[in-house]
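Here are the chains, one letter per residue:
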Amino acid sequence: MISIYLNDATGFEGGQARNLYFKNISSQKCYGLPVRIYISRNCSLGKVHLDNITYGNKTIAPESVNNSNVISINDANNNWSLSNLKINTLV
């Protein structure tokens, strides 16, 4: 449903996204994981805000952060922290 994919295709360019905001997203069905975050080598990602995100009859809540069935994070740099994931903080 929500996929954030930062990729360094050349191996030396890198990429950066500082703050991403997703608000009021609703889906009747969700195939796979609702939220996927992939950060390639040489890329950096700031804060990600997810506010009022629903799929089926479920809502992404702060408790979803540690649920690998809801949120998948793959960080090749191993430096992105879950503290950068903000859920329902702007609503």
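Residues numbered from 1 in each chain as written. Predicted model: local features only at pLDDT ≥ 70, side-chain atom pairs only at ≥ 80, totals over all residues. Heavy atoms only, no water.

A. A look at the overall build of the chain. Of the regular secondary structure elements, the chain holds zero helices and seven strands. Ordered by position from N to C terminus, the α and β elements of the chain give β-β-β-β-β-β-β. Taking 2.2 N^0.38 as the reference for a compact globule, 91 residues should give roughly 12 Å; the C-alpha atoms of the chain span a radius of gyration of 13 Å, in line with that estimate. Overall, the chain is about 40 × 25 × 20 Å in size when its C-alpha atoms are taken along their principal axes. Scored against the burial criterion, the 91 residues of the chain give a buried share of 34%. Taking all contacts inside the chain whose residues are at least 6 apart in sequence as the whole, residues at least 24 apart take part in 84%. Carbon and sulfur atoms form 44% of the exposed surface of the chain, whose accessible area is close to 5700 Å². On the chain, the mean spot of the 8 positive side-chain charges and the mean spot of the 5 negative ones are 7 Å from each other. (Helix = DSSP H or I, 4+ residues; strand = E, 2+ residues; numbered from the N terminus. Rg over C-alpha atoms; globule rule 2.2 N^0.38 Å. Buried < 20%, exposed > 50% of the residue type's maximum accessible area, 1.4 Å probe, protein only. Contact = heavy atoms within 4.5 Å. Areas by Shrake-Rupley, 256 points an atom, 1.4 Å probe, with all protein chains shown as cover. Lys, Arg positive; Asp, Glu negative; His and termini not counted. Charge placed at Lys NZ, Arg CZ, Asp CG, Glu CD.)

B. Just the sheet that holds strand β6 (residues 71-75), in detail. If you walk across this open sheet you meet the three strands as β1-β3-β6, and the pairing is parallel. Of all the strands in the sheet, the pair left with one neighbour each is β1 (2-6) and β6. Each strand axis lies, on average, 0 degrees off the axis of its neighbour in the sheet, ignoring direction. Here β1 pairs with strand β3 (residues 35-39) via five bridges, running parallel. (Pairing = 2+ DSSP bridges. Axes fitted to C-alpha atoms, helices over the stretch in contact; angles between N-to-C directions.)

C. The packing of aromatic side chains, seen in detail. Under the definition given, this model contains one aromatic pair. On the basis of an interplanar angle of 20 degrees and a centroid distance of 4.7 Å, the ring pair of Y5 and Y38 is categorised as stacked. Of the two residues, Y5 is situated in strand β1 and Y38 in strand β3; the sequence distance between them amounts to 33 residues. Take Y5: its relative accessible area is 52%, and that puts it in the exposed class. (Phe/Tyr/Trp six-rings, centres within 6.5 Å; stacked < 30°, edge-to-face > 60°.)

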